[in-house]
Structures are given as structure tokens and as C-alpha cells.
Amino acid sequence: FTESFLMSTMAALLLKEIVYTILERFGVGSMIARQALLTEQIDLYPEYTGTAYTLYLQQSGRLSGHKMYEAVKSLDRNNGVVWLDRTRVNNTYALAVRNKDKKKIGKTLSDLSRYNRIHPGELTFGIDHEFYERPDGFKAMARAYGLTLQPSQVRTMEIGLSFESIARGQIDVAMVYSTDGKLKKYDLEVLEDDLEFFPVYHACFTMNEPALSQHPDIPGILKPLSLSLDNATMQELNFRVDGLGKPAFVVAQNYLRRKGFL
């Protein structure tokens, strides 16, 4: 998705600047990229701490951002995977409402649950199919917040369609990713996960150990980029691609030049 393309492109541009030869293999899913890293078919790609912790390493339990990163970094060493510097990009699952509805619904998921209790059946939710069914997804979140919904209040749909649907008034609450550029495009407000139900999904570049041993300078080259990225920055970059229709390569290159990295 857009964020992965942007981060990968920025890494490639920085490494090319140091006269590395880069072969870009973009456009594969997380599981394929992970397997390719383990089998040394690729050397480097951006991954998310929460994805690795829950899906690849099959861990459970809530950890803070720093503790999650340290746990993943330590556990994945056994798989020959090295996690580089942690960015401040936390692209977690979230629920969003129209900005104009924030005043009546509230700012947090607890506020949303409270509003739903007072106004039963009023709100309609647009939820991604996978997220609705998975054990750490919508149903578990709803239980944690005491959010009791009637079947007619939930519409399962692709996440891209949820933005269109909420903009047209077909739904009132949309499942989103917290750094999605379309949040700005459609003037949506992410509700705070005040009970910290969702895992932390900090974006980090990952490498396999043979690649790192052969190219030990790469972490230092990418460090300034990693330290510069946060949610606001990433959402703006995503918006330039998804909202304004600019090519990801151009957006990535312009950001690096603006920061003085190129």
C-alpha cells in the first residue's frame, strides 16, 4: 500500500545516493515479503512491530511502543531478522468519524460506545471483512469497549470503500488506518483508542543478517530517515499520493530533498 511504497522508495533513493545498486521488487503482500526476507530473496523492507509480534512471532499481551519494538527486535534475532531504528509512525487500526460529527459523538472510542448506548441503532459502521472476523479485530474491540451493535448497524466492505461511504453519508463510522492520507482528503477524525486495545504498529526497516553483515553501513544511512518520520508526516505524504494523485516516487524524492537527505 502507499505507505510501504513511499518508505521503500525513500530507502532505495538514499542507498542509490551512496552508489548502491538497488533492485526494487515492490507490490507484494506482507507474508510474501516476510518470507522473501527470511529466504534472502530480498534484503530490506519496511515492516510493522505489531504485525511481527502478533502474526509472525505469535506473541500476545499489550506492550508499549518501545517495549513492543524491543521484544520484536530480540525475538526476531532467532529468525535472522534485524530491526533497524524505530520510526514514530504508528499505523494502527482505528475508527474514524466525519469531523462535523465529532462534537456529538466524541473524541474517543469510549465516547463512541457511550453515544451508541444512548442512541441505539442510529450509527452505521463500515468495517473491513478481515478486521471484522479476526480475533484481535472489531468484535474483540467492541467487547472491550462495551460497544453493543445490532446486525443492521454493521456493513462489511473493503477499506477503500469505507472512505467513499462515509463521505457520502452511507455510514457514520469507518474502519481506517491511522496514517491514511484519505483521512485528510475526506476530513475525517480518528477516535482515540483510550483503552489502548489495538497493538502498536510502528514502522521499521528490517534486514536479514547476511545482508547486514555484507553491508553494515545501511542502518546508519537509513537512520536519519527513520527518525524523521511520524504519523503527521506520513499522513501528509500518503495524502499527496492518494489525495492529490502525485506519483509515490516524486513524493518520496521531494520529501528527502526537503529534509536535506538528498
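Above this note sits the structure.
Summary of the structure given here. Quantities reported herein were computed from a predicted structural model and do not represent experimental measurements. (Residues numbered from 1 in each chain as written. Predicted model: local features only at pLDDT ≥ 70, side-chain atom pairs only at ≥ 80, totals over all residues. Heavy atoms only, no water.)

**With respect to the side chain of Glu47**
With respect to the helices and strands, the residue Glu47 is situated in strand E1 (residues 44–48). Among buried Asp, Glu, Lys and Arg side chains, Glu47 stands out as unpaired, with Arg34 the closest opposite charge at 6.2 Å. Within polar-contact distance, the side chain of Glu47 engages the side chain of Tyr45 at 2.6 Å. Among all residues touching Glu47, those that are not within four sequence positions of it are Ser30, Tyr56, Trp83, His202, Ala203, Cys204 and Thr206. (Helix = DSSP H or I, 4+ residues; strand = E, 2+ residues; numbered from the N terminus. Buried < 20%, exposed > 50% of the residue type's maximum accessible area, 1.4 Å probe, protein only. Lys, Arg positive; Asp, Glu negative; His and termini not counted. Salt bridge = Lys/Arg side-chain N within 4 Å of Asp/Glu carboxyl O. Polar contact = N/O pair within 3.5 Å; in protein donor to acceptor, adjacent residues only side chain to side chain. Contact = heavy atoms within 4.5 Å.)

**Observations regarding helix H2 (residues 30–38)**
Note on helix geometry: an α-helix contains 3.6 residues per turn, so any two residues three or four positions apart are oriented the same way. Every buried residue of H2 is listed here: Ala33, Arg34, Ala36 and Leu37. Taken around the axis of H2, the buried residues stretch over an arc of 165°, which confines them to a single face. Those residues of H2 that are exposed and aimed more than 90 degrees away from the buried face are Met31 and Ile32. Where H2 is buried, its residues touch E1, helix H3 (49–56), helix H4 (65–76), strand E2 (81–90) and strand E8 (202–208). (Arc of directions from axis to C-beta.)

**Details of the environment of Phe239**
When you line up the elements, Phe239 lands in helix H13 (residues 231–242). Remark: the alpha-carbon pair of Phe239 and Thr179, spanning 60 residues in sequence, is separated by 9.2 Å. With near-sequence residues (within four places) excluded, Phe239 lies in contact with Gly181, Lys184, Lys185 and Leu244.

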